[in-house]
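Understanding the architecture of this molecule
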Amino acid sequence: MEDTQRSQTISPHNQRIAEHAVLDDKRLPIDSERDKPPILVGQTSLEWIKVLARDNPGVAFTSLAHRINFHLLKQSFKQVRRSKSCGVDKVTAKEYAKDLDTNLYNLFQRLQRGQYAAQPVKRIWIDKEGGKKRPIGISALEDKIVQKAAAKILDVVYSSKFHGFSHGFREGHSQHMALDELRKQCIGKNINWIIDADVSGFFDNIDKKLLVEITRQRVKDGGLLRLIGKWLKAGIDEGGELSFPEKGTPQGAVISPVLSNIFLHHVLDDWFVKEVQPRLSRRSFLVRFADDFIIGCELESDARKVLVLLKERFRSFALSLHPEKTKLIPFGRPSSSVKVDKRNGTFGFLGFTFYWAKVRKGYWVVKKKTIGKRLNRFVKGIWEWCRENRHDRLKDQFFDLCIKLRGYYQYYGVRGNFKALEVVYESAEKAWRFWLSRRSHKGGISWSKFERIRASFPLPKPRIFHNI
């Protein structure tokens, strides 16, 4: 009788959604006041899922794949079409857009009939610090579109479960939010020790079976899980040679960021909040962006305990922490009586070095500046670009240099980092003049002539974009 009365309070709209959900306690608790139809009028299907996921953390969704409809595919195409790179299909977004509706409808029909097949991921290599290379995967265009649609669905399903300190590739979060939170946590919680952790080859070493099992705890829709399985098993095309790695997700694929967030939410975030923090003696924090994360502790004993547990935790999920890059760093607030506290170390996060410094008023604050290797790499890149493009039209060189400098300022333009921006600006001008002087054998460009060029084509000057 009680169950009958409860079912009568569920609105017809939510009843249809509840049919596709399974709860751990066998019944979906829905508040009749909250679920009155007028409140929910005008919401899209994804917004309905988001409301349901937010209000019922224990829900397991069993019918999601059919949400990938023609409209969602078209939205997804608009968000991935900017990329000029193409995968093994050699189809660009511009070519695909010539008959967009027909192409997307055919894709939608293949998804509906179960005839969609994922294509191998094209692998390229990009330079890393220290002369190393990093593999990047480029998916076929239709794979990108479907992955983007699936990522949207997974995002609304998991957004309410992810913790606030997880900032990687989430709506309403950014790298600078992670940087700002890290700084505030170090100061506000009197942090004295930092665990700067590095997961060895995270994207290349994720256990695919464990990833699917973790995803299945929240998503029990066979159609969506089959799609994920197709992308994980599609293989890698490298220079015409096809391989099928047993582990890993292609770094650079559209679906990889949300899958990595799901995996690390279970392996790291939730475990740290529910299992580790309650057992520590004093305050601590975790800040994560994708697979980069920092843990701070007030006590050294807590920090050492966390580091041991962290290694065991990742080992149990077939991952490991890099033995040389993972460090325990003293990072306490220096005494007011010293000018420089040499006992403290520094650490890097998302391209910035964090360190303690005194302000003019005499108190200590946590500051950040561009990591030296990143700064040198950008300056070297500008020099090489000016050399390779010195014969292009002056107007074209100016346009491209402006894009590069503005992009650098927009990311690294944070308060306290203005000197690094000035170095970049001055180095760009120097490199431009040097290679313009070598466009011919008639001699270099005098400073007076270069001043006239600068007046006509002024490079953007350093600017602080993030005053936090």
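This write-up is about the structure you can find in this document. Being a predicted model, the structure only gives us computed values, none of them experimental.

What follows concerns the sheet that holds strand S10 (residues 327-330). Read across the sheet, 4 strands follow the order S8-S9-S5-S10 without closing on themselves; strand pairing throughout is antiparallel. Each having just a single partner strand, strand S8 (284-289) and S10 make up the two edges of the open sheet. Going from strand to strand, the sheet's axes swing by 20° on average, the running direction of each strand aside. Inspection of the sheet shows S8 paired to strand S9 (residues 292-297) by 6 bridges, in the antiparallel sense. Looking at S9, one finds that Val287 is bridged to Ile294. The strands touched by helix H9 (residues 175-188) within the sheet are strand S5 (193-197), S8 and S9, with S8 carrying the most contacts at an inclination of about 165°. Relative to S8, helix H13 (residues 256-276) is tilted by about 175°, and along the sheet it contacts S8 and S9.

With that settled, consider the nonpolar core. Counting residues in each nonpolar core, the largest one holds 74 residues, and the members touching the most others are Leu73, Leu154, Leu310 and Phe314. In terms of residue count, helix H8 (residues 141-158) provides more of this core than any other element does, 11 residues in total. Aside from chain neighbours lying at most four places away, what touches Leu310 is Ile195, Ala197, Leu268, Trp271, Phe293, Ile295 and Leu321. In terms of nonpolar packing, the next biggest core, distinct from the first, is built from 47 residues, Val287, Val366, Leu421 and Phe450 among them.

Where like charges cluster on the molecular surface, the positive patch consists of Lys132, Arg134, Lys325, Lys327, Lys373 and Arg377. With respect to the helices and strands, Arg377 occurs in helix H15 (residues 372-388). The partly exposed category is assigned to Arg377, whose relative accessible area is 40%.

The next thing to look at is the packing of helix H7 (residues 100-113) against H8. At their nearest, the axes of H7 and H8 sit 12 Å apart, and the two run at 65° to each other. With respect to H8, the element H7 is oriented roughly perpendicular. Considering how the two elements wind past one another, H7 and H8 form a crossing that is right-handed. Counted together, Asn103, Leu104, Leu107, Arg110 and Leu111 of H7 and Glu142, Ile145 and Val146 of H8 form the full contact between these two elements. Among the residues making up the contact of H7 with H8, the classes are represented as 5 nonpolar, 1 polar and 2 charged.

Definitions and cut-offs
Residues numbered from 1 in each chain as written. Predicted model: local features only at pLDDT ≥ 70, side-chain atom pairs only at ≥ 80, totals over all residues. Heavy atoms only, no water. Pairing = 2+ DSSP bridges. Helix = DSSP H or I, 4+ residues; strand = E, 2+ residues; numbered from the N terminus. Axes fitted to C-alpha atoms, helices over the stretch in contact; angles between N-to-C directions. Contact = heavy atoms within 4.5 Å. Core = buried A, V, L, I, M, F, W, Y, C linked by side-chain atoms within 4.5 Å. Buried < 20%, exposed > 50% of the residue type's maximum accessible area, 1.4 Å probe, protein only. Patch = residues over 30% accessible without salt bridge, like charges linked within 9 Å, V, L, I, M, F, W, Y side chains within 5 Å. Areas by Shrake-Rupley, 256 points an atom, 1.4 Å probe, with all protein chains shown as cover. Salt bridge = Lys/Arg side-chain N within 4 Å of Asp/Glu carboxyl O. Lys, Arg positive; Asp, Glu negative; His and termini not counted. Charge placed at Lys NZ, Arg CZ, Asp CG, Glu CD. Parallel < 35°, antiparallel > 145°, perpendicular 65-115°, else oblique. Left-handed = near helix turned anticlockwise from the far one by under 90°. Nonpolar A, V, L, I, M, F, W, Y, C, P; charged D, E, K, R; others polar.

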